[in-house]
Amino acid sequence: MAQIMTIERHILEQQKQFPNATGSFTRLLYDIALSAKIIARETTRAGLVGILGASDDHNVYGEQQQKLDIFADQTIFKMNDHSGQLCAMASEEHEDIMHIPPYYDNGKYVLLYDPLDGSSNIDVNVSVGTIFAVHRKISRGQQGTLEDLLQPGRRLAASGYVTYGSSTMMVYSTGQGVHGFTLDPSVGEFLLSHENIRVPDKTTYYSANQGNEKYWTPGMRRFTKWLQGIEGEGRKPLGHRYIGSLVADFHRNMLRGGIFFYPGDLQEPEKPFGKMRLMFEAQAIAFLAEQAGGYGSDGLGNLLDIQPHSLHQRVPLIVGNRDLVEKAEQYIRDYDQEWVAAYRPFRDKTLTTP
Ligand code: AHM
Ligand code: MG
């Protein structure tokens with residue numbers, strides 16, 4: 001029988017490589033994994049709510065019914081606010097920084113998360129995910145600040161995601177490769193199933209909401225034709241796959257090779273940056289991509305080098321095999337000067353805190 005490695009043991013083994021590690025980081029990742037199990041329990045029951053659930057807004061356990069994204073958001077906060085590892089959190093569901101309640105200890109990390117990404121897919125039984133990113137505290141005071149949260153992706157201590165699909169998987173990186181764990185519901189543990197994931201050289205899929213093509217820039221439209229083998233050197237077309245759940249789309253492409261993009265556009269000239277959020281989606285995903293041998297870009301350069309200026313800042317996201325992402329950058333350079341001129345000021349804006 002092959003050796004069974006739980007996520008907890010795996011994190012501990014990885015931390016052994018840092019002689020000064022106090023175990024704080026290990027506990028933090030373990031608490032995130034525990035939150036994921038609780039969220040998975042609810043997402044797998046989602047379709048039953050109409051049958052079992054409670055017209056009076058209470059579920060079968062007598063608990064108040066909540067929308068799943070709110071439930072996921074509160075679960076992650078509550079699992080992590082009292083552990084002593086964090087000094088602040090930020091969530092896609094909240095406008096502002098979330099401080100640790102005064103009666104709990106502050107720790108040396110901050111956590112950013114998108115509790116249930118792609119949650120519109122829940123009602124139709126399609127995969128959703130949780131995305132998380134961990135930065136080290138850099139400010140001096142006891143409490144965490146925006147300065148701690150708004151660090152470039154290059155400095156991430158860890159990032160990862162959980163995909164609630166045909167099975168629940170947690171995938172994370174602490175900068176030592178990307179590792180995937182599948183939840184075995186019979187024992188309630190995440191078990192190592194995908195060690196040291198590498199993006200394969202052979203590319204299989206491209207993923208984008210092609211319904212938006214008419215809004216895309218000339219460069220991105222031509223790039224798409226290139227992916228389809230219509231434009232350029234007549235390459236074999238890639239298959240098109242799009243779930244509309246970033247975690248699931250990225251996960252598939254990381255395992256099979258390919259590219260995901262949600263580009264910026266000029267549909268509304270004052271919003272040239274697309275849909276994805278830098279701090280809750282793009283940074284974490286770009287970090288994982290790079291750790292797996294791929295690359296994440298906003299079309300102008302490496303997403304991990306962008307200095308963030310606000311929590312809900314949006315960015316174009318182009319991520320996957322490096323050669324494909326660099327090809328997209330080349331098309332943008334060659335054909336999208338107008339868009340670049342509109343987008344660059346948003347990218348280069350600086351943080352202004354009181
Ligand atoms: P959300 O954070 O509001 O759930 O939106 C993010 C999701 C991603 O998971 C997905 O890649 C994208 O939005 C899909 O957007 P669209 O429906 O425009 O294709
Ligand atoms: Mg989201």
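None of the values given here were measured: they were computed from a predicted structure. Starting from 1, residues in each chain are numbered consecutively following that chain's sequence as written. For naming, the first written chain is A and the first written ligand is 1, with later ones following in the order written. The model is predicted, so local features are restricted to residues of pLDDT at least 70 and side-chain atom pairs to those at 80 or more, both for listing and for counting; the totals for chains, interfaces and linings are taken over all residues. As a rule here, side-chain values cover all heavy atoms of the structure and leave hydrogens and water aside.

Undergrad: Give me the lowdown on the overall build of the chain, citing residues and values where you can.
TA: Tallying secondary structure elements over the chain gives 10 helices and 15 strands in all. Two things to know: the radius of gyration comes from C-alpha atoms, and the globule rule equals 2.2 Å times the number of residues to the power 0.38. Its C-alpha atoms give the chain a radius of gyration of 20 Å, within 12% of the compact-globule value 20 Å for 354 residues. Along the first, second and third principal axes, the C-alpha atoms of the chain reach 55 × 50 × 50 Å. A simple rule labels every residue: compare its accessible area, found with a 1.4 Å probe on the protein chains alone, to the largest value its type can have, and call it buried under 20%, exposed over 50%, or partly exposed in between. Here the chain, with 354 residues, has 54% of them falling under the buried criterion. Note on definitions: a residue-residue contact is assigned when non-hydrogen atoms from the two residues lie within 4.5 Å. Pairs at least 24 residues apart make up 64% of the contacts formed inside the chain by residues separated by at least 6 positions. Of the roughly 16000 Å² of accessible surface on the chain, 49% is carried by carbon and sulfur atoms. Within this scheme the basic residues Lys and Arg register as positive and the acidic residues Asp and Glu register as negative, but His and the chain ends are omitted. In this description, the location of a charge corresponds to atom NZ of lysine, CZ of arginine, CG of aspartate or CD of glutamate. Within the chain, the 42 negative side-chain charges are centred at a point lying 5 Å from the centre of the 35 positive side-chain charges. Each helix corresponds to a stretch of at least 4 residues labelled H or I by DSSP, and each strand to a stretch of at least 2 residues labelled E; elements are numbered beginning at the N terminus. Per-residue accessibility takes into account occlusion by the displayed protein chains alone, with areas from the Shrake-Rupley method and a 1.4 Å probe.

Undergrad: I'd like to hear about the packing of aromatic side chains, residue by residue, with values.
TA: Only the six-membered ring of Trp is used, alongside the rings of Phe and Tyr, when aromatic pairs are assigned; centres must lie within 6.5 Å, and planes under 30 degrees apart are stacked while those over 60 apart are edge-to-face, with the rest tilted. Under the definition given, this model contains 12 aromatic pairs. Consider the rings of Tyr172 and Phe181, whose centres lie 5.9 Å apart with planes at 20°: the pair is stacked. Taking relative accessible area as the criterion, Tyr172 reaches 1% and is therefore assigned buried. Between Phe223 and Tyr331 the ring centres are 6.1 Å apart and the planes differ by 55°, which places this aromatic pair in the tilted class.

Undergrad: Got a sec to walk through helix α8 (residues 278–291)? Specific residues and values, please.
TA: Among the 14 residues of α8, 12 are classified as buried, and the element is accordingly described as predominantly covered. Residues of α8 that are buried include every one of Leu278, Met279, Phe280, Glu281, Ala282, Gln283, Ala284, Ile285, Ala286, Phe287, Leu288 and Ala289, and no others. Following α8 by one or two positions, Gly293 adopts a phi angle in the positive range, close to 95°.

Undergrad: Break down the site of ligand 1 for me, with residues and values.
TA: For this purpose, a residue is taken to be near a molecule or strand whenever a single non-hydrogen atom of the residue falls within 4 Å of it. What surrounds ligand 1 is a group of 15 residues, the closest being Asp117, Gly118, Tyr242, Leu246 and Tyr262. Between ligand 1 and the protein, one listed contact pairs an oxygen atom with a side-chain N or O atom of Glu92 at 3.0 Å. Nitrogen and oxygen atoms within 3.5 Å of one another constitute a polar contact, given that in protein one can donate a hydrogen and the other can accept it, and given that sequence-neighbouring residues count only through two side-chain atoms. Within the contact set of ligand 1, an oxygen atom lies 2.9 Å away from a side-chain nitrogen or oxygen of Lys275. Protein coverage of the free-state accessible area of ligand 1, which is 470 Å², stands at 78%. Residues are grouped as follows: nonpolar covers Ala, Val, Leu, Ile, Met, Phe, Trp, Tyr, Cys and Pro; charged covers Asp, Glu, Lys and Arg; every other residue, Gly included, is treated as polar. Looking at side-chain class alone, the shell around ligand 1 contains 5 nonpolar, 5 polar and 5 charged residues. Boundary definitions for the domains trace back to an automatic or database domain assignment. When residues of the shell around ligand 1 are assigned to domains, at least three map to each of domain 1 (7–194) and domain 2 (205–347).

Undergrad: Explain the domain arrangement of the chain to me, and be specific about the residues and the numbers.
TA: The domains assigned to the chain are domain 1 (7–194) and domain 2 (205–347). A separation of 25 Å is found between the C-alpha centroids of domain 1 and domain 2. Accessible surface is computed with a 1.4 Å probe, and the buried area is the amount of it that two parts give up when combined, taken over both parts together. Of the roughly 2800 Å² buried where domain 1 meets domain 2, counting both sides, 63% is carbon and sulfur surface. Here, a salt bridge means any Lys or Arg side-chain nitrogen found within 4 Å of an Asp or Glu carboxyl oxygen. Where domain 1 packs against domain 2, one counts 3 salt bridges. Among the salt bridges present, the one from Arg154 reaches Glu290, with a minimum N-O distance of 2.8 Å. Counting only elements with at least two residues in the side of domain 1 that touches domain 2, the list comes to β1 (86–91), β3 (109–117), β4 (128–136), α5 (146–149), β5 (158–164) and β6 (168–173). For the side of domain 1 that touches domain 2, the element with the highest residue contribution is β4, accounting for 7 residues. The residue makeup of the side of domain 1 that touches domain 2, split by class, is 21 nonpolar, 19 polar and 6 charged.

Undergrad: So what's going on with the coordination of the magnesium ion (ligand 2)? Which residues, and what values?
TA: Distances up to 2.8 Å from the metal define which N, O and S atoms are donors, and 3.2 Å serves for Na, K and Ca; water is absent from the atom set, so sites may look incomplete. Of the protein atoms, only Glu92 (OE), Asp114 (OD), Asp117 (OD) and Glu281 (OE) coordinate the magnesium ion (ligand 2), at distances of 2.0 to 2.5 Å. If you list the donors of the magnesium ion (ligand 2) from N- to C-terminus, the spacing comes out as E-x21-D-x2-D-x163-E. The class of Asp114 is buried, set by a relative accessible area of 1%. Judged by relative accessible area, which is 10%, Asp117 ranks as buried.

Undergrad: Tell me what's going on with the side chain of Glu42, and back it up with residues and numbers.
TA: With respect to the helices, strands and loops of the structure, Glu42 is situated in helix α2 (residues 24–44). Non-local contacts of Glu42, meaning those with residues more than four positions away in its chain, are made with Leu68 and Phe71.

Undergrad: Any chance you could break down unusual backbone geometry for me, citing the residues and the numbers?
TA: Most peptide bonds take the trans form, and the phi angle of most residues other than glycine is negative. A positive phi angle, near 60°, is found at Asn125, a position not held by glycine. On the secondary structure map, Asn125 appears in the loop between β3 and β4. Even without glycine at this site, Asn196 takes up a positive phi of about 50°. As for its placement among the helices and strands, Asn196 is situated in the loop between β8 (189–194) and β9 (205–207).

Undergrad: Outline the side chain of His10, listing residues and values.
TA: Mapped onto the secondary structure, His10 falls in helix α1 (residues 7–15). On the basis of relative accessible area, His10 is assigned to the buried category, the value being 5%. Residues in contact with His10, not counting those within four places in the same chain, are Met5, Tyr172, His179, Phe181, Leu192 and Glu195.

Undergrad: Would you mind going over the nonpolar core in detail, with residue names and values included?
TA: For the purposes of this section, nonpolar cores are sets of buried Ala, Val, Leu, Ile, Met, Phe, Trp, Tyr and Cys residues that join through side-chain atoms within 4.5 Å. Counting residues in hydrophobic clusters, the biggest one holds 62 residues, and the most contacted among them are Tyr161, Phe223, Leu227, Met254, Ile259 and Phe261. Structurally, this core is a two-domain feature, drawing no fewer than three residues from each of domain 1 (7–194) and domain 2 (205–347). For Ile259, the residues in contact, after removing those within four places along its chain, are Tyr205, Tyr206, Ser207, Phe223, Leu227, Asn253, Ile318, Val319, Gly320, Leu324 and Val325. Among the nonpolar cores identified, the runner-up in size contains 36 residues, and Ile7, Met89, Val162 and Phe181 belong to it.

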